[in-house]
Amino acid sequence: MEPVISTQNLSKKFSVYVLRNINLTVNAGEIIGYIGPNGAGKSTTIKILTGIISDFEGDARLLGMDIRKEPIEVKRRIGYIPENAALYDTLTPIEYLYFIGQLYGMDAKNVDTKSRELLHVFELSNHFNTRMSTFSKGMKQKVLLIAGMIHNPAVLFLDEPLSGLDANAVILVKEILMQLKRAGKTIFYSSHLMDVVEKISDRIIIINEGEMIANGTFEELNQHANGSLENIFTELTGNHAHESAAVEFLSILER
Amino acid sequence: MDKLLLGFVGLFKGVYRMAGVNYPQLLAIVAVKLKTDNRRQHISYRINTSRENGNAFLITLLIYIILGALMSLMIGAIQSIMLSMTVFYSFLIVMIAMTLITDFSAILLDTSDNTIILPRPVDGKTLYAARLTHIMLYLGQLGIGLTLVPAFVVSSKYGLGLLPPFLLIGILAIMLAVLITNSAYLLILHFSSEDKLKNVINYIQIGIAVICMGGYQIIPHLISGYDLGAMRVEISWWHYLMPPLWLAGTLEMVHLRQVDLGHIGMATCAVFIPIAGLVLVNKFLAPVFARKLGALAAVSTAVKRSDRAMSKLPYTISRFVTRPGPERAMFSAVFNTLARDRKIKLKIYPVIGYIAIFIFIFILQKNNSLDAIRENVVNNKYHLMLLYLPIMILQVALHEIPYSDEFKASWVYFSAPLVKPGELLSGMIKAIFVRLFLAGYVVLGLIVLIVVGRSAMADIFVAALNNYLMLMILAMIDTHKLPLSMEPEIRRQSGNMGRGIITVVILGSVTGAHYFILTFIPNVILALVPIQLAVSYLLHRTYKSTAWSEITL
C-alpha cells in the first residue's frame, strides 16, 4: 500500500538550507511525533507538506499525489492547525468556521450545525456570537482546532496544537487524536511537549539543524538513551550542558 | 451594504469563471474581508457586540465628495476640456493610488492569510482575484464620491450626453491606478522581501503625502500665471507617456467628435492598457503572488541574522541628557521607535516635507536672486518662522508616540517598581526633542546664519529654548499617556482640530512675542535665556513628577 506521506531528499533553502535531504514515510493510521529544537525546520517541513511553501527541492507526495503538481487536491484532503493562533479575530467563531467551511465547498447548513456542535464539545457554547478578539489564547486555539478538522480530513498536520489549552482541553484533544487514529486518520504532530509526544506517537522523528537524526518507535529510540523521550532528545540533539547552563544563568543573575 | 456590494460582484460571476476563478470561494473571501473591514475600526476590550459601524467609511466618503467638489471648481474654470479633464483624471488617479497605498498596503500584503487561507484548497488566482475585488469595491465607492460633483459640472458644462463617457473613463482611471500600484507591489515583491517592500511603501506614502500637499499649494500658483480661457493643448508624442492624458484625450475625442490619429491612439491606450494590464497581472503575476506570500511566512519564522549591530547612538546620547533608570530606558526606547516604527514615521516625516514646501512658498518663490531672498527674509524677519516651525513636528510626535501596535508590551510599566511614571514621560519628551529637533535645528540654524548673518545667533538660541518650552507646555496641557501603551484603534481623530488650534495659538503668541522684542527692544533678547532656562527647568521638574493618578490608561 502506498504511504500517506512520502518525501525524497526534501530540502529547502532560504538564505541557508533550513531542511536537508529529509526522507519520510508515513503510513495510514499512524501518529507521527515530529520533534526538534527551535529553528530545526519542523514548521518548514509542515508548510511544505501542507502546500503552503511550493518552491522546495526533492520530492514530496501526499495520498499518492505530487504536492507540487496537485496542491489544491492535496489541500482538500488535509487539515492543518498552525502554531500561532492565526484567525480573523474580528469575526465570531460561528462566522469564522462558516467561512472556512465555504473554502472547502461544504454545505452551509452542514457547516453551521457542525460548528455549533463542535464548539459545544469544546465548551464554547456561550461564545457562539462573541467576537474572537476578546477570546483568550486557549479559546482561540480551540476554534483553530475545529477549523483544521471541520471538513473531516484524511491527514492532519498539527503544529503545537495544545498551546494555551487548559488541562481538561489537553486531555480532550489527546483523546480526540487517539479516536482519529482509530478511525484510520493519519496525524503528523509537531510539539515541544515531550511527554505528550511520547504518549500518543506510534513513531517519533527527531530533526536537528534541518536534518533528520532519528526515526523510530519510542522503544527503538530508547536504545540510544535510557529513560524518557526528553533524555533521548537531549542525547541525540547533542545538548547535554543544561545543568551547567542553569548554574551559569543563576550566577549571572546574582551579579 | 455588504449584501449590495456582494450582489454587485455577482454580476461578474461569468467573468470570474471565465478567468478560471473559483467563484464561491471568491465570494466567501470577499464577504469576510468586507466584514472584517467594517469591524476593524471599532475593536476594543469593551466593545463586544456584533454591531457593524460604517461611520468611518461614511466620513471618508464625505471628505472625498468635498474634495471632488473642490476639483469641480477647476473643471468649471478651465475652458479647454483636454486640460480640465487631464487635471481631474490626474487627481482621480493620484487619490485612488494614494488610498490604495495608505489603506490597502496592509491588506494586500496581509500574511495572516498564509495560515488561514493558503492551507485551504484555494488557488493563487482565486486569492488574488478576491483581494483585487475587495480593493476595487472599496475604491469604487470612493471613486463615486470623488466623481459625484464633477459629474454634475461636466453635465451642465458640456451637456448630459458626455456624462456616460465621463463616468466610464472614470472607471478606467480607477483601474489604471489599481494596475499601476498592484504591478509595482507585485514586481517589488517578486524581486525583494516583504520587509523591504514595506519600507518602500512607507517612503512612497511619505513622498505622496508631501507631493499632494505641495501640489495643492503650488499648482494654483502656477496656473494663476496662465490665461486659462485661451489655453489649448495639442497632442504630442510625449502625451502617450502620461496616462491622464489618454483619458482626457478620449473624452475630448467624444466631445469634439474629433476622430484623428492622435485621439484614436489616446483612446486605444485608455481602454486597452488598464483592461489588458489587469488581465496580464492576474495571469502571470497572481500565481506567483500566493507562492511568494507562502515563502514570506516561512522566512519570517526562520532564524534571521541581525542586519546590523544595535545602534549605540541613543545609549551614548542618553548618558548626557538623562538620569540612569526609567528615564534613560524610555529615552532609548522612544528614540529608537521614532527612527524605526513605520507608522510613526509616516505621521511625522510628511510634516518635515510640508515645512520645506511652506518655506518654499512663503519665503523663496517670489525672489530669484540670493540677495533678493536675503533682503526679503531680513526685512520681514521670516527667519523666525523658520526657527519656530519645528514645533509642528514635535507636536505630531508627542501625539503619536503613545500609540503602538505593540501596545500590549506596555505591561512592563506596571510590573516594574515604578514610583512615578513621570520619569518615563521625561525620557519620552527628551527623546522626542533630541531625535526630532536638535539635528534638524542645527541645519536650520546654519541656514539662518548664512542668510541673515551673525546677528541671528541670539534668535537661534532663544527660539531653540522656546521650541522646548512649547513642547513642554503642549505635553503638560494634554492628557498624560505613557509611550507605546495605547491601542492605535482608539486614537481619537476628533481631537486633531482642538490640538491644532492650541498649537497655533501657542506658536503664534511665542513667535509674536519674539518678533515684538526683536523689532522694538532687540538688545534685551539674550536676557530672555536665563528666564527660559528657569521656566524650562520648573516645567520639566513638574512633568517628571507626574503620578500614577494623573496618567490616562
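Residues numbered from 1 in each chain as written. Chains lettered and ligands numbered in written order. Predicted model: local features only at pLDDT ≥ 70, side-chain atom pairs only at ≥ 80, totals over all residues.

### As for the sheet that holds strand 10 (residues 211-216) of chain A
Residue and element names in this part refer to chain A. In space, the 6 strands of this open sheet follow the order 6-7-8-3-9-10, with mixed pairing throughout. One side of each edge strand has no neighbouring strand; the edge strands of this open sheet are strand 6 (78-81) and strand 10. Strand-to-strand twist across the sheet, computed as the mean angle between neighbouring axes with direction ignored, equals 15°. Note: strand 9 (residues 203-208) against strand 10, 5 bridges, orientation antiparallel. Counted as the bridge partner of Ile205 is Asn215 from strand 10. (Pairing = 2+ DSSP bridges. Helix = DSSP H or I, 4+ residues; strand = E, 2+ residues; numbered from the N terminus. Axes fitted to C-alpha atoms, helices over the stretch in contact; angles between N-to-C directions.)

### A closer look at the pairing of strand 4 (residues 57-62) of chain A
All names here are of chain A. Two elements, strand 1 (residues 5-13) and strand 4, share 5 bridges in a ladder whose sense is antiparallel. Note on strand 4: the bridge partner recorded for Thr7 is Ala60. When strand 4 meets strand 5 (residues 65-66), the two strands line up antiparallel, connected through 2 bridges. Each residue of the ladder has a partner; that of Leu62, found in strand 5, is Met65. As consecutive antiparallel partners, strand 4 and strand 5 are separated by 2 residues, and within that stretch Leu63 has a phi angle of approximately 50°, a positive value.

### Quick notes on the environment of Trp548 of chain B
All names here are of chain B. By the secondary structure assignment, Trp548 is in the segment after helix 22 (528-544). The class for Trp548 is partly exposed, based on 13 C-beta atoms found within 10 Å. Linking Trp548 and Val419, residues 129 residues apart in sequence, is a C-alpha distance of 8.0 Å. (Buried ≥ 20, exposed ≤ 12 C-beta atoms within 10 Å, placed from the backbone.)

### Focus: the nonpolar core
If you look at the biggest cluster of nonpolar residues, it comprises 84 residues, and the most contacted ones within it are Leu62, Tyr96 and Phe188 of chain A. Considering every element that reaches this core, the biggest residue donor is helix 3 (residues 23-40) of chain B, with 7 residues. Non-local contacts of Phe188 of chain A, meaning those with residues more than four positions away in its chain, are made with Ile5, Val26, Ile32, Tyr34, Ile46 and Phe157 of chain A. (Core = buried A, V, L, I, M, F, W, Y, C linked by C-beta atoms within 7 Å. Contact = placed C-beta atoms within 7 Å.)

### Some details on the sheet that holds strand 4 of chain A
With antiparallel pairing, the 4 strands of this open sheet are ordered in space as 2-1-4-5 (chain A). Sheet topology places strand 2 (17-26) and strand 5 of chain A at the edges, where each strand pairs with a single neighbour.

### Quick notes on helix 10 (residues 242-253) of chain A
The terminal C-alpha atoms of helix 10 of chain A lie 16 Å apart, and with 12 residues this matches the ideal 16 Å at 1.5 Å per residue to within 8%. Little of helix 10 of chain A sits out of view: just 0 of its 12 residues are buried. (Expected span 1.5 Å × (residues − 1).)

### A look at the confidence of the model for chain A
Mean pLDDT over chain A: 88, with 98% of residues reaching 70 or higher. Confidence, expressed as mean pLDDT per element, reaches its minimum in chain A at helix 9 (residues 229-236) of chain A with 78 and its maximum at strand 8 (residues 186-190) of chain A with 95. (pLDDT = per-residue confidence, 0-100.)

### Quick notes on the packing of helix 12 (residues 313-321) of chain B against helix 13 (residues 326-340) of chain B
All names here are of chain B. The N-to-C vectors of helix 12 and helix 13 enclose an angle of 140°; their axes lie 9 Å apart at closest approach. As judged from the angle between their axes, helix 12 and helix 13 are oblique. Once helix 12 is placed against helix 13, the crossing between them reads as right-handed. Note on element contacts: helix 13 touches helix 12 through Arg328, Phe331, Ser332, Phe335 and Asn336, opposite Pro314, Tyr315 and Ser318. Broken down by class, the residue content of the contact of helix 12 with helix 13 amounts to 4 nonpolar, 3 polar and 1 charged. (Parallel < 35°, antiparallel > 145°, perpendicular 65-115°, else oblique. Left-handed = near helix turned anticlockwise from the far one by under 90°. Nonpolar A, V, L, I, M, F, W, Y, C, P; charged D, E, K, R; others polar.)

### So, the packing of helix 20 (residues 457-477) of chain B against helix 22 of chain B
Residues and elements named next belong to chain B. One way to put it is that helix 20 packs onto helix 22 with a least axis distance of 10 Å and a crossing angle of 25°. Here helix 22 runs roughly parallel to helix 20, going by the angle between their axes. Like other packed secondary-structure pairs, helix 20 and helix 22 cross with a definite hand, here left-handed. Residues Phe461, Val462, Leu465, Asn466, Tyr468, Leu469, Met472, Ala475 and Met476 of helix 20 form the contact with helix 22, whose own contacting residues are Leu528, Val529, Gln532, Leu533, Val535, Ser536, Leu539, His540 and Tyr543. For the contact of helix 20 with helix 22, a count of residues per class yields 14 nonpolar, 4 polar and no charged.

### Overview of the environment of Tyr349 of chain B
The topology assignment puts Tyr349 of chain B in helix 14 (residues 342-364). For Tyr349 of chain B, a count of 20 C-beta atoms within 10 Å gives the class buried.

### Let's talk about the confidence of the model for chain B
Low pLDDT means the predicted atomic positions in that stretch should not be read closely. Residues and elements named next belong to chain B. With 78% of its residues at a pLDDT of 70 or more, chain B has an overall mean of 79. Note that residues 41-51 has pLDDT below 50 and, in this model, 15 contacts with residues that lie over four places away or in other chains. Note on residues 225-231: pLDDT under 50 across the span, and 10 contacts to partners over four residues away in sequence or across chains. Scored as a whole, the predicted complex attains pTM 0.68, and scored at its interfaces, ipTM 0.76.

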